[in-house]
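One letter stands for each residue in the lines below.
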Amino acid sequence: MATWVLSECGFKPLPPLFPRPRTGAISCHKASKVRFLNTNKGVADLRFQPRGFTCCSFRDKKWELRVSAPLKVGTAEGEEEEGERINRANGVAQELPEFDPGAPPPFTLADIRAAIPKHCWVKNPWKSMSYVVRDVIVVFGLAAVAAYVNSWLVWPLYWAAQGTMFWALFVLGHDCGHGSFSNNPKLNSVVGHLLHSSILVPYHGWRISHRTHHQNHGHVENDESWHPLTEKIFRALDKTTLLLRFTPPFPMLAYPIYLWSRSPGKTGSHFDPNSDLFVPNERKDIITSTTCWAAMAALLVCLGFVMGPVQLLKLYGIPYLIFVMWLDLVTYLHHHGHEDKLPWYRGQEWSYLRGGLTTLDRDYGWINNIHHDIGTHVIHHLFPQIPHYHLIEATEAAKPVLGKYYREPKKSSPLPFYLIGDLLRSLRKDHFVSDNGDIVYYQTDPKLSGSSSK
């Protein structure tokens, strides 16, 4: 009868029980040792409402089954671990399928967006401006101290610190370009021009090409920044270009060249209003930015006459080179250098979501706060309108949705020297992708890597 009741309630019928022969009276209080699947309850634990009859009689049966929800719902990972535990206990060896980073994700962009708290989308122009004021004060303070002390014991420290601060100014101007600085386009444009022109970056020219990068991230041909070379283009490169592209430290000095002539396989300039990078209605913006860039260049020439070229080199020139190295290092390693191969896409396989999921977060130790948490790159790439001061919280909220598609960054020491190893390994291995196929991975040229096999 109990088996029939459980079957009607949706439970599997119990196997027939054959109790051992007993002597003496039958006890109504002996708990059965039979256990239900995936519960910790036995037959004796099922409770029924009393009907007022005596022990061991038909009326002692309690027919009202109480079913309760579990106190805690297991996660998908917990279920996998439980399945592995059960299989090990049963002596069954089960090998879970290997994660494929090129497979379409089981979630949508809307799922990620819904997981991010609403306040993370709010832009506070006063807070954004406070970071600008902070960084500008530090830049001028460092320059004043270095010029006053004027010691060769101080200059190397100044170059490293000031080059990092130039990079921090760039990140704030980068936020202006994305519109995450404020909801006021004029404020974004003015602040962006002041910040980027001061470090010789054409604001609108870079803003537009960077927008192209975000809109096509992870696409072999259409991506704009540090996109992979196809094998055909790679094989056609001359020795000088190969040297500059894959031999340190030259790749970390590529940014000024990129501004003037873009990457191998692409044409155009960030300073030319008629470049392929821009559409006709953007030409006025390019002229404005190029004019601001030229004004800054002229100011530097004048300062060279006033303080002398050597002093200008020490105060501005070398920090500028450090800034360029920071920019190239960060932008490269946010799309390269992971210990696992990451896919690049073409054709029908590419989508905005899948392309964005190939980007990488990086930990920069003490530098995280200085350069405004630009290391939280995955969420930034998917939702560039989120202000930098909300990126960490937004990333933490999105991790449960992203699952294995989010690659946790290595923990950095106070200074992120470990990134140099990631950079060198990538430059030795990540050379080109196949000319064919909609999902491709980097391949290695054995001649360039110094190895005898791919």
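Residues numbered from 1 in each chain as written. Predicted model: local features only at pLDDT ≥ 70, side-chain atom pairs only at ≥ 80, totals over all residues. Heavy atoms only, no water.

(A) Seen up close, the overall build of the chain. Assigned secondary structure in the chain consists of 18 helices and two strands. Relative to its full complement of 454 residues, the chain shows a buried share of 42%. Nonlocal contacts in the chain, meaning residues at least 24 apart in sequence, comprise 68% of its contacts between residues at least 6 apart. If you sum the accessible surface of the chain, you get close to 25600 Å²; carbon and sulfur atoms cover 62% of it. (Helix = DSSP H or I, 4+ residues; strand = E, 2+ residues; numbered from the N terminus. Buried < 20%, exposed > 50% of the residue type's maximum accessible area, 1.4 Å probe, protein only. Contact = heavy atoms within 4.5 Å. Areas by Shrake-Rupley, 256 points an atom, 1.4 Å probe, with all protein chains shown as cover.)

(B) Summary view of the pattern of salt bridges. Applying the stated criterion across every chain, the model contains 14 salt bridges. The partner of Asp285 in a salt bridge is Arg207, with the nearest N and O atoms 3.8 Å apart. With Asp285 in helix H11 (residues 283-307) and Arg207 in helix H7 (residues 203-215), this residue pair connects regions lying 78 residues apart in the sequence. When its relative accessible area of 28% is taken as the criterion, Asp285 is described as partly exposed. Residue Glu224 is joined to Arg262 by a salt bridge in which the shortest nitrogen-to-oxygen separation is 2.6 Å. (Salt bridge = Lys/Arg side-chain N within 4 Å of Asp/Glu carboxyl O.)

(C) Representation of the packing of aromatic side chains in the model. All told, the structure shown has 23 aromatic pairs when counted by the stated rule. With centroids separated by 6.2 Å and ring planes inclined at 70°, the aromatic side chains of Trp152 and Trp159 adopt a geometry described as edge-to-face. A relative accessible area of 59% places Trp152 in the exposed class. Under the relative-accessibility criterion, Trp159 is labelled buried at 15%. Ring centres 5.6 Å apart and planes at 80° place the aromatic pair Trp155 and Tyr158 in the edge-to-face group. (Phe/Tyr/Trp six-rings, centres within 6.5 Å; stacked < 30°, edge-to-face > 60°.)

(D) How the structure looks around unusual backbone geometry. In the segment running from Pro248 into Pro249, the intervening peptide bond is cis, with an omega of 5°. Along the chain, the position of Pro249 falls in the loop between helix H9 (239-246) and helix H10 (255-261). Of note, Trp226 is a non-glycine position whose phi angle comes to about 55°, a positive value. Here Trp226 falls in the buried class, since its relative accessible area comes to 11%. For Arg262, which is not glycine, the phi dihedral falls at a positive 65°. Inspection of the secondary structure puts Arg262 in the loop between H10 and H11. Look at Arg262 and you get buried, because its relative accessible area is 13%.

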